[in-house]
Amino acid sequence: VDASTVISLGDDAKVKIAKTQAGPLMMMWMMADVPPYDDVRVRKAMKLVMDREKMVELALLGFGSPGNDNPIPPSSPAAYRSDVIQQDIPQAKALLAEAGYPNGLKVDLYTGATDLYPGTLVMVQAYKEMASEAGIDVTIIPAPNDSYWDEIWMKKPFTSLYWSLRPPSSALPIAYTSDAPYNGTHWYNKEFDNLVATASKTVDADKRGDLYREAQRLLAEDGGHILPMFSSVVSLMREG
């Protein structure tokens, strides 16, 4: 069930709530080879404008957890960091100025006409408001859901989407290595590719984990992947 249903039925004494700590990834992708996203300073600024904890409350009514711009939740032992990246509007403004946008910039963010996943429309609206604090003017462009994945996703330079939770061994190579089948961010980083490839052949669990964590750090700091949060998978069970 979605978060609004949980709120409406959660006080029913006969209803029990069961939820995961982290489920589907809710995110936005920037194509790292298309201006202005081809400048890493712009990509970093686009990530720093977010108050991730607030976004979880707004978009998911608290039924989720903040993310750190990579597909592994901070709560996981496999994550590259356990704390959450904090909003930093002054740093975002400074990075934009260094990149040649001292007066801010305008970007188009494509999303579905209705929720692609529960909370998506609130997420992009919250992002628009947060980004405006750093001088980033986000125009949200809705597109029909029935054609979104064929005509918008992986075709427009800045899009919203959701993704299933996976372990590092499958989460990183499916969408972020240079030869990934779903590299919608067009991010190509040889160091990242080598880390993922080496990790997949490393038997020692500790060494393999270190390699995956370093790969996650590179993705979060340099990639075109904005991941503010993970949605909890919530189920309601009514007692007989």
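See the structure printed just above.
Below: a short report on this structure. No experiment lies behind these values; they were computed from the predicted model shown. (Residues numbered from 1 in each chain as written. Predicted model: local features only at pLDDT ≥ 70, side-chain atom pairs only at ≥ 80, totals over all residues. Heavy atoms only, no water.)

Some words on the packing of helix H2 (residues 40-48) against helix H9 (residues 205-222)
Axis separation between H2 and H9 bottoms out at 8 Å; the angle between their running directions is 95°. Put simply, H2 runs roughly perpendicular to H9. Across the interface between the two elements, Val40, Arg43, Lys44 and Lys47 from H2 touch Leu219, Ala220, Glu221 and Asp222 from H9. When the residues that make up the contact of H2 with H9 are grouped by side-chain class, the tally is three nonpolar, no polar and five charged. (Axes fitted to C-alpha atoms, helices over the stretch in contact; angles between N-to-C directions. Helix = DSSP H or I, 4+ residues; strand = E, 2+ residues; numbered from the N terminus. Parallel < 35°, antiparallel > 145°, perpendicular 65-115°, else oblique. Contact = heavy atoms within 4.5 Å. Nonpolar A, V, L, I, M, F, W, Y, C, P; charged D, E, K, R; others polar.)

What about the side chain of Thr185?
You can see Thr185 is positioned in the loop between helix H7 (168-175) and helix H8 (190-200). Side chain to side chain, Thr185 and Asn183 meet in a polar contact 3.3 Å long. In this view, Thr185 contacts Trp29, Met30, Met31, Ala32, Gly224 and His225; residues no more than four positions away in its chain are not counted. (Polar contact = N/O pair within 3.5 Å; in protein donor to acceptor, adjacent residues only side chain to side chain.)

Some words on the environment of Tyr117
When you line up the elements, Tyr117 lands in the loop between strand E4 (105-112) and helix H5 (120-132). By relative accessible area, which is 17% here, Tyr117 ends up buried. Spatially, the C-alpha atoms of Tyr117 and Ser231 are 9.5 Å apart, while their sequence positions differ by 114 residues. Of note is the side chain of Tyr117, whose polar atom sits 3.3 Å from the side chain of Ser231. (Buried < 20%, exposed > 50% of the residue type's maximum accessible area, 1.4 Å probe, protein only.)

Observations regarding the packing of aromatic side chains
The tally for this structure, following the rule as stated, stands at 13 aromatic pairs. Taking the centre distance of 6.1 Å and the plane angle of 35° together, the rings of Trp29 and Trp153 count as tilted. Of this pair, Trp29 sits in strand E2 (residues 25-30) while Trp153 sits in the loop between helix H6 (145-151) and strand E6 (158-163), and the two are 124 residues apart along the sequence. The pair Trp29 / Trp153 is uniform in exposure class, with both members buried. Each ring, one from Tyr127 and one from Phe158, has its centre 6.2 Å from the other, and the planes form 75°; the classification is edge-to-face. Separated by 31 residues along the polypeptide, Tyr127 in helix H5 and Phe158 in strand E6 bring together distant segments of the chain. (Phe/Tyr/Trp six-rings, centres within 6.5 Å; stacked < 30°, edge-to-face > 60°.)

What to know about helix H3 (residues 52-60)
Burial in H3 covers these residues: Arg52, Met55, Val56, Ala59 and Leu60. All buried residues of H3 fall inside an arc of 105° around its axis, so they share one side. Of the residues one or two after H3, Leu61 is the one with positive phi, at around 55°. (Arc of directions from axis to C-beta.)

Examining the nonpolar core
The nonpolar side chains of a soluble globular protein tend to be buried with one another. Within the largest apolar cluster, 38 residues are counted, with the highest numbers of intra-cluster contacts made by Met46, Val49, Tyr127, Ile136 and Phe158. At the level of secondary structure, the elements contributing two or more residues to this core comprise E2, H2, H3, helix H4 (89-98), E4, H5, strand E5 (136-143) and strand E7 (225-231). Looking at this core element by element, the count peaks at six residues for H5. Those residues in contact with Tyr127 that lie beyond four places of it in its chain are Met28, Met46, Val49, Met50, Met55, Leu109, Val138, Phe158 and Ile226. (Core = buried A, V, L, I, M, F, W, Y, C linked by side-chain atoms within 4.5 Å.)

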